[in-house]
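Residues per chain, in single letters:
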Amino acid sequence: MNLIIWPLLCGGLYLTSLYSYLLFHIVTESFSIVIAFALFMISWNTRNMAKSNYVLFLGITFLFTGLIDFAHTLAFKGMGIFRGFDANLPTQLWIIARYMQSLSLLVAPWFIDRKLNPGAVIGFYLSATLILLAAAFSGTMFPDCFIEGRGLTPFKIVSEYIICFILVLSLILLLRCRESFDPRILRLLVWSILFTILSELFFTFYISVYGLSNLIGHYFKIFSFYLIYQAIIVTGLENPYRLLFFDLQKHREELQTIIDASPIMIFYKDREARFIRVNKTLAETTGWPREEIEGKKDSEIYPAQEANYWEDDKEVIASGKPKTGIIEPINTTSGRRWVQTDKIPYRDKEGHIIGIIGFAVDITERKQAEEEREKLLAEKELLLKEVHHRIKNNMTTMMSLLSLQAGNQKDPSVAAVLDTAGNRLQSMMVLYDKLYRSENPREMPASDYLMPLVNEIVKIFPTNTMVKTEINVGDFMLPVKFLSPLGIMMNELITNIMKYAFSNRNDGVITVSATKKDSHVTLIVADNGIGIPDTIDPESSIGFGLQLVCMLTQQIDGTIAIERGEGTKIVLGFDV
């Protein structure tokens, strides 16, 4: 369409110049003036939205360039508005406008990523415009640019080349900042500057303001302003996001590239649980294209889990605090998968919460491994229960056999040996049962083992109702390697007390205490019985019971001492 319209317009303008060059000049200049004013209106009314100040600066400067071009149009030869002036005045105004335009294009890239004070820029350009217009209209303060009958002055010609040079520099600076522009807008701006340069070159050698060179120069000026019109005004009306927020769009695309590269699933949702953005990993994991997820709610994608997801989202939005470590299932095209999700508040630039941002890791394989491990642990637990049941039954059977055998013995000494063996087995059985029921099979509280053990041993003897036990065991843990020998030693000591300490008496007291200070444990077993004879020493005793106690004390690198007085006190000490 442009291939048809542009030749027709150019041809129409040429015919207009043949009919009246003054009319041609008014039409062409009016075209550029209207575009300059429109550029200012677009940039000014979008100044609070634009990230870059490049367009706003150009809009302000083009407003004043358009005002000078308007004065140039009114002063053109044949208009008869400013009486007493010849063709020199409009030529001076032209040079002033082009200097202002070229210098503005040169400075504009500076404001791409810098702050701009619109009031200061308007004040500066208004002052410069008034001063330059006053100089031109004074007749003497601004250099002559055109002399009737002779044509352009050297100042005018040199100025046009200087303006071209400035335009070339502005083009170089613009290209160096190409990353800040949409490619189409950059291309239009570059061609606009090139056509401006061509226009200036044609204005360097005309002799008559109605001449062919002047006409062609105006054609190139039309092309130049049309490209500005296409780059900023049309784009600003049809696609303002492309013009005003190119940096934001570029940053958004860069951010999308970054989150797409993440192996973690990332998603943004608004306050209604609608997906705003998702990354490539989430789309690939679920098996649904990104376009089918974005814009939809949880209820449309995960109807079965929507309630749980929504509760988590509402909690984050209401509290303004992250929620982490959420283990939840998601449905995918390949079946259900498990993810661990962290959700944080999604805030706008004012700090208001507008949704949530989620980060999810696929833990399906870990979940499956945990389920398999739990299954194996359950099977192991079942097996351990069966083993424990059988061992306990076997130990009970052994104790029953020992008791039965002891009861059938006619020799009291043999029966006593069998009973003692049964008692030792009893202490081991108590320890085994406690360890099985303990959460930590490597250690247990000393009180949990020693207190029931003492009571179990005392109960074995018929005189147990006559004996009172006082047990005071501290709240500390003991490793298994100490518990087993302690159990056997306690069995030997309590058994000896029950057998010998309270003979020919109707009552008695057994005191058991255990304390721990730092790493040292002290265990005391005492009675108020008849006392152990002075001739008995644990180190040299010929009795198997005391020998066993001494051997086990050495096994745990401990010490043993007997204190005689009102009864007997045996003190065991060892480090854990």
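Quantities reported herein were computed from a predicted structural model and do not represent experimental measurements. (Residues numbered from 1 in each chain as written. Predicted model: local features only at pLDDT ≥ 70, side-chain atom pairs only at ≥ 80, totals over all residues. Heavy atoms only, no water.)

## What to know about empty space enclosed by the protein
Unoccupied space between atoms shows up once a probe the size of one water molecule is rolled over them. What counts is decided by this rule: The rule is simple: put a 1 Å grid over the protein atoms alone, call a set of points where a 1.4 Å probe fits but cannot get out a cavity, call an open set with protein on both sides within 12 Å along at least five of seven lines a pocket, and count a residue as lining if it has an atom within 4 Å of a point. Grid points are joined across faces, edges and corners, and a volume is the space filled by probe spheres set on the points. Each helix corresponds to a stretch of at least 4 residues labelled H or I by DSSP, and each strand to a stretch of at least 2 residues labelled E; elements are numbered beginning at the N terminus.
Under the counting rule described, the total for this entry stands at four cavities of 30 Å³ or more. A volume near 140 Å³ is recorded for the second largest cavity. Lining of the second largest cavity is provided by 15 residues; of these, Phe 267, Leu 282, Tyr 302, Glu 328 and Ile 330 occupy positions nearest its centre. Of all the elements in the fold, those that place two or more residues in the lining of the second largest cavity are strand E3 (265-270), helix H11 (280-286), strand E5 (323-332) and strand E6 (335-347).

## Concerning helix H3 (residues 54-75)
For the α-helix, the turn length of 3.6 residues means that residues three or four positions removed from each other point alike. Stated formally: Any helix carries an expected span of 1.5 Å times its number of residues minus one. Relative accessibility under 20% of the residue-type maximum defines a buried residue, over 50% an exposed one, and the middle range a partly exposed one, all with a 1.4 Å probe and only protein chains included.
Its 22 residues place the ends of H3 31 Å apart at the C-alpha level, agreeing with the 32 Å of an ideal helix rising 1.5 Å per residue. Across the 22 residues of H3, 19 count as buried, placing the element largely inside the fold.

## A closer look at the nonpolar core
Convention followed: Among buried residues, the Ala, Val, Leu, Ile, Met, Phe, Trp, Tyr and Cys ones that are joined through side-chain atoms within 4.5 Å form a nonpolar core.
One finds Tyr 54, Leu 93 and Leu 174 to be the most contacted residues of the largest nonpolar core, which totals 48 residues. Those elements that provide at least two residues to this core are helix H2 (21-45), H3, helix H4 (88-107), helix H5 (118-138), helix H6 (154-176), helix H7 (183-202) and helix H8 (212-238). Broken down by element, the residue count for this core peaks at twelve residues, all from H3. Counting residues in each nonpolar core, the second largest holds 41 residues, with Leu 453, Met 489, Leu 493 and Leu 523 among its members.

## Here we look at the pattern of salt bridges
The criterion, for reference: Take a side-chain nitrogen of Lys or Arg and a carboxyl oxygen of Asp or Glu: if they are within 4 Å of each other, that pair is a salt bridge.
This model, assessed by the stated rule, comprises eleven salt bridges. Between Glu 311 and Lys 314 there is a salt bridge whose closest N-O contact spans 3.4 Å. Placement of both Glu 311 and Lys 314 in helix H14 (residues 306-319) is noted, with a separation of three residues, approximately one turn of the helix. Of the charged contacts, one joins Asp 312 and Lys 323 as a salt bridge, the two residues approaching to 2.8 Å between their closest N and O atoms. Here Asp 312 is found in helix H14, whereas its partner Lys 323 is found in strand E5, with eleven residues between them in sequence. On the accessibility criterion, Lys 323 (24% relative accessible area) is partly exposed. Connected through shared salt-bridge partners, Lys 269, Asp 313 and Lys 343 make up one network.

## Quick look at the confidence of the model for the protein chain
Note the cut-off: Confidence scores here are pLDDT values: one per residue, from the predictor, ranging 0 to 100. In this analysis, two residues are considered to be in contact whenever any of their non-hydrogen atoms come within 4.5 Å of each other.
When pLDDT is averaged along the protein chain, the result is 77; 75% of the residues meet or exceed 70. Per-residue pLDDT, averaged within each element of the protein chain, yields its smallest value for helix H9 (residues 240-244) (44) and its largest for H5 (91). Confidence drops under a pLDDT of 50 for residues 236-246, and excluding neighbours within four residues, the segment shows 29 contacts in the predicted structure.

## Some words on a nonpolar patch on the surface
Stated formally: Patch membership needs two things, relative accessible area over 30% and no salt bridge, and members are linked within 9 Å if like-charged or within 5 Å if nonpolar (Val, Leu, Ile, Met, Phe, Trp, Tyr). Every accessible area reported is derived by Shrake-Rupley at a probe size of 1.4 Å, with residue values counting cover from the shown protein chains alone.
Taken together, the side chains of Phe 165, Val 168, Leu 169 and Ile 172 make up a nonpolar region of the molecular surface, amounting to roughly 340 Å² of accessible area. On the secondary structure map, Leu 169 appears in helix H6.

## Description of the sheet that holds E3
Here is the rule: Two strands qualify as a pair provided that DSSP identifies no fewer than 2 bridges between them. In this analysis an axis means a line fitted to C-alpha atoms, helices contributing only their contacting stretch, and an angle means the value between N-to-C directions, from 0 to 180 degrees.
Ordered by their spatial adjacency, five strands build an open sheet running E4-E3-E7-E6-E5, and the pairing between neighbours is antiparallel. A single partner strand is all that each edge strand has here, and the edge strands are strand E4 (275-278) and E5. Each adjacent strand pair in this sheet contributes to an overall mean axis angle of 30°, direction not counted. In the sheet, E6 pairs with strand E7 (residues 353-362) via nine bridges, with the strands oriented antiparallel. Its bridge partner lying in E7, Gln 340 is registered against Val 361.

## Some points on unusual backbone geometry
Even without being glycine, Ala 273 reaches a positive phi, approximately 65°. Residue placement: Ala 273 occurs in the loop between E3 and E4. Of note in the backbone geometry, Asp 518 takes a positive phi value of approximately 60° without being a glycine. By the secondary structure assignment, Asp 518 is in the loop between strand E11 (508-517) and strand E12 (520-527). With a relative accessible area of 71%, Asp 518 lands in the exposed category.

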